[in-house]
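Fold and contact review
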Amino acid sequence: MMDMPKNIFLLLVVGFVLAIISGCNQEPVFPVEPRVEVLDIQPRVVKSLQDSILIRFRFEDGDGNIGLLPEDGADKVNLTIIDSRINDFSLPDEFFVYEYRIPNLTPDTRNPSIQGEFTVKIDFTKVFSGFATSEEFRYQIKLEDRDGNIAKPINGNDEAVYTDFIEVVR
């Protein structure tokens, strides 16, 4: 398991996590496999080694099992953000892979269907090519629930969730 980069941290701002239906109804409102949608990414142009990037997500999960439990262990991660330039350079993965631990978001209700938002902050990125004045890339988002299901896009049939493109300049 790769160590989490020290200069990257997670701003887990759970705007809301709520049970959709309470009472006797135990049918999930959403599919039991998690779904994710990137709502916003700011800024779209960043200065190499200076600017932070904020990625805001919306999630939904029918069985509400997003988030780690204390017994999951300190080295377990459930959110991975992968820079699309990972295969373009002969550098270690830690330059391109950001790992996070999202805490347990399961509500104490009869119907555990949940939805909410959170924001991740990536402290900086850089231009890796020695000759380029800028590079364009995007992030792939991998959110995993406690059953090992990887989130699919909320809207669409794609297998993976991606951000819009970002440009990093010198």
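Residues numbered from 1 in each chain as written. Predicted model: local features only at pLDDT ≥ 70, side-chain atom pairs only at ≥ 80, totals over all residues. Heavy atoms only, no water.

**Comments concerning the overall build of the protein chain**
To be explicit about the condition: Counting from the N terminus, the helices are the DSSP runs of H or I reaching at least four residues and the strands are the DSSP runs of E reaching at least two. Burial classes: relative accessible area under 20% of the type maximum marks a residue as buried, over 50% as exposed, and values in between as partly exposed (1.4 Å probe, protein chains only). The contact criterion used is simple: two residues touch if any of their non-hydrogen atoms lie within 4.5 Å. Per-residue accessibility takes into account occlusion by the displayed protein chains alone, with areas from the Shrake-Rupley method and a 1.4 Å probe.
Of regular secondary structure, the protein chain possesses 0 helices and 12 strands. When the elements of the protein chain are put in sequence order from the N terminus, they spell out β-β-β-β-β-β-β-β-β-β-β-β. Relative to its full complement of 170 residues, the protein chain shows a buried share of 38%. Contacts in the protein chain between residues far apart in sequence, at least 24 positions, make up 77% of those at least 6 positions apart. Here the protein chain displays about 8,900 Å² of accessible surface, and carbon together with sulfur accounts for 48% of that area.

**Section: the nonpolar core**
Threshold: What makes a nonpolar core is a set of buried Ala, Val, Leu, Ile, Met, Phe, Trp, Tyr and Cys residues whose side-chain atoms join them at distances within 4.5 Å.
Membership of the largest hydrophobic core comes to 27 residues, with the highest contact counts inside it found for Ile53, Leu79, Ile81, Ile122 and Tyr139. Among the secondary structure elements, those contributing two or more residues to this core are strand 2 (35-42), strand 4 (53-61), strand 5 (79-83), strand 6 (97-100), strand 7 (114-122), strand 9 (139-143) and strand 12 (166-169). Counting residues in each nonpolar core, the second largest holds 5 residues, with Ile82, Ile86, Val97 and Phe128 among its members.

**Things to note about the side chain of Glu135**
Worth spelling out the cut-off: For the purposes of these results, a polar contact is taken to be a pair of N or O atoms within 3.5 Å, where, inside protein, one atom must be able to donate a hydrogen and its partner to accept one; residues adjacent in sequence count only when each atom of the pair is a side-chain atom.
Among the structural elements, Glu135 can be located in strand 8 (residues 134-137). A distance of 2.5 Å separates the side chain of Glu135 from the side chain of Arg85, its partner in a polar contact. Side-chain polar atoms of Glu135 contact the backbone nitrogen of Ser129, separated by 2.6 Å. Not counting chain neighbours up to four residues away, the residues in contact with Glu135 comprise Arg85, Phe89, Lys126, Val127, Phe128, Ser129, Ile166, Glu167 and Val168.

**Section: the sheet that holds strand 3 (residues 45-47)**
For clarity, the threshold we go by: For two strands to pair, DSSP has to find at least two bridges joining them. Axis lines are fitted to C-alpha atoms, over the contacting stretch for helices. Their N-to-C directions set the angle, which ranges from 0 to 180 degrees.
Spatial ordering of the open sheet is given by 3-12-8, a layout of 3 strands whose pairing is mixed. Strands at the two margins of the open sheet, each flanked by one partner only, are strand 3 and strand 8. Pairwise comparison of adjacent strand axes, ignoring direction, gives a mean angle of 25 degrees for this sheet. As paired elements, strand 8 and strand 12 share 4 bridges and run antiparallel to each other. Note on strand 12: the bridge partner recorded for Phe137 is Ile166.

By themselves, these observations are geometric and do not establish any function.
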